[in-house]
Structures are given as structure tokens and as C-alpha cells.
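One-letter residues, chain by chain:
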Amino acid sequence: MNTELLVSDAAHFRIDYEINPYMHTDVQPDPAAATAEHEAIVAAHLAAGRRVEYVASAPECPDMVFTANAAVVRGDRAVLGFPPPERKAEVSYFQEWLEGRGYDVLEAPYPFSGQGDALACGDLLLAGYGQRTDQRMHAVLADALGYDVIPLRTVGPRWYDLDLAVAVIDAPHTLAYCPQALDEPSRGSLRALGLELIEVGLDEAAHLALNLISDGHTVTMTRGAPRLAATLRERGLHVVELDTTQLAKGGGGVRCTALTLDNPPPRGSR
């Protein structure tokens, strides 16, 4: 889990539009600082023993650094994201990369935020909706990827993707989540899974604390969520906290910048 990742770069990262509450065109990232932040994230992945693949960003795609929205991958199959119109130009670059590496690539028929709204947890897929992803995508994902899909509705645009509200800490055993970010039926669905749940406060979640990457041994997360970081360390995990101040101006954190490539295929599949 999360040991093979696809990243891009921050060379063209800027705020050209406002498609989430974190983005303001009059508050631009510092290019050098954004690049340094992203390079530090990649370095942390490599230090943790993760393999990192790379696709170059395109000048016309200022959000391409957030590769998690490109698709969701399981085994040798990928379902592409269907992003807001402002990010549509990204899709062809990721499709070309995935097809060039031999993935069976399917286009999404409905709006879909890729891995941002599709968090694999063993044979479960925690599938967000209510903001950027059309709920009809859940049946598409179940059929294409063979997951048992658990629909989870986020409660407002602050949680524009599920990966701001829920994090997989140790698949398929432990999740962290912010209860206030989900509606009551979704909270009930999470509790019914019988997994260990770590509750994260609204203050830390609002600062992208849950937008993290865990391989079950090392957790790479944004700096500024001391309670969650301490809880994870108490569980024996190695926690690496990184500055994401510039990336956060686009509404993204650590998880947003990497697409997981090593979600195992269904049992018995080719």
C-alpha cells in the first residue's frame, strides 16, 4: 500500500481559477518555495523506501502537481478522473502515461475526482461523493475494479475530496477521519465496518492533516497537526511532518500530490 507512487512537479503550479475554498487568485504561491515543498515530499517518499514514478507537468495545467485526481488504480487497471472543466487538460497527459506503462485505462462517464474520492482499504473502496464526484461513479468503480464500494458523503466544499476528511493508516485495519466532515449516514457506515477509527479534530483536519500518505510503517503528513502526529507515533508509526504552506494555496497537501500505483488486484484476477 502506497509504496509505488506517481508524482508530477510544481514547475507550473499557480492559482489561475478558484474551484475550492482554499484557492484565491490574488494569493499566489511562491514558485521556488512550492518547488522546494514538493521536492521535500518526494525525498521523504524515497527515504521511506517507496518507488516514485514521474510525469512532467504541462504549462497549461497549473494543478497537475496534484496527481491524485488523475485516476484510481488497482492492479493493471485504471479509471481516469473526470475533473472540473478548469482541469480537463490534465487528463490526456495522465492517460498517455498510464497507457504507455501497460495499464488498461477506462474513461469516467461521470464527474469523478480520481483517487481524491476513492481511497483503497484492502478490498474496500471508500468512495466520496457530494462535491466533485457523481455518485453514479460508484457502480462504475465497483464493476471496473472489483472493490466493495463504501459511499461516504462529505458535507461541504471545504471537503471537496474525501482525502481531506478520511485517511487510510493501515489497510485494512485502521482509518483516521474527521466526523464533522461527513454526514451522519456516512459516519454510521464507517463505524459499521468494524475497523479501528482514529478521530481527528476539525481544527487539524481543516489544515489538511488527513491529507496524508501511509504505507503502514511510515506516515508522511503536513506539519501543523500535532495531536494526530502524536497519536500515530504512539501506535509505533514513523511520522514525517512536512511544510505544505504553498501547496495548500491550491487546496492540496501530501496525499494530493501522489497517485498510488500498487493497490493489489482482486484475488484470483490475472
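This write-up is about the structure you can find in this document. Keep in mind that this is a model prediction, so the values were computed, not measured.

Regarding the packing of aromatic side chains
Under the definition given, this model contains two aromatic pairs. Considering the side-chain rings of Phe13 and Phe66, the 5.6 Å spacing of their centres and the 80° angle between planes classify their relative orientation as edge-to-face. Residue Phe13 is located in the loop between strand E1 (4–7) and helix H1 (31–47), and its partner Phe66 is located in the loop between strand E2 (51–54) and strand E3 (71–74); the two are separated by 53 residues in the primary sequence. By the burial criterion, Phe13 is buried, and Phe66 matches it. Summarising the aromatic geometry, the rings of Tyr22 and Tyr160 are spaced 6.3 Å apart at their centres and angled 70° between planes, so their arrangement reads as edge-to-face. Of the two residues, Tyr22 is situated in the loop between E1 and H1 and Tyr160 in the loop between strand E8 (148–153) and strand E9 (166–170); the sequence distance between them amounts to 138 residues. Taking relative accessible area as the criterion, Tyr22 reaches 19% and is therefore assigned buried. Judged by its relative accessible area of 6%, Tyr160 falls in the buried class. Over the ring of Tyr147 we find Arg74; its NZ or CZ atom is 3.9 Å from the centre of that ring.

Brief notes about the nonpolar core
With 59 residues, the main nonpolar core has Leu126, Met221, Leu228 and Leu232 as its most contacted residues. Counting 18 residues, the second largest nonpolar core, distinct from the first, contains Ala70, Ala71, Leu80 and Phe94.

A short note on the layout of surface pockets
There is about 170 Å³ of room inside the largest pocket. Lining the largest pocket are Tyr22, Ala206, His207, Leu208, Thr222, Arg223, Leu242, Asp243, Thr244, Thr245 and Ala248. Looking at the lining of the largest pocket, its residues break down into five nonpolar, four polar and two charged.

Side note on the state of the cysteines
Enumeration according to the criterion identifies zero disulfides in this entry. Looking at the unpaired Cys121, the closest cysteine sulfur is the one in Cys178, lying at 18 Å. What makes Cys121 buried here is its relative accessible area of 0%. Here Cys178 is not cross-linked by a disulfide; its sulfur's nearest cysteine counterpart is in Cys256, at 16 Å.

Criteria and cut-off values
Residues numbered from 1 in each chain as written. Predicted model: local features only at pLDDT ≥ 70, side-chain atom pairs only at ≥ 80, totals over all residues. Heavy atoms only, no water. Phe/Tyr/Trp six-rings, centres within 6.5 Å; stacked < 30°, edge-to-face > 60°. Helix = DSSP H or I, 4+ residues; strand = E, 2+ residues; numbered from the N terminus. Buried < 20%, exposed > 50% of the residue type's maximum accessible area, 1.4 Å probe, protein only. Lys NZ or Arg CZ within 6 Å of the ring centre and 35° of its normal. Core = buried A, V, L, I, M, F, W, Y, C linked by side-chain atoms within 4.5 Å. 1 Å grid on protein atoms, 1.4 Å probe; cavity = no way out; pocket = protein on both sides within 12 Å on 5 of 7 lines; lining within 4 Å. Points joined across faces, edges and corners; volume = space filled by probe spheres on them. Nonpolar A, V, L, I, M, F, W, Y, C, P; charged D, E, K, R; others polar. Disulfide = S-S within 2.5 Å.

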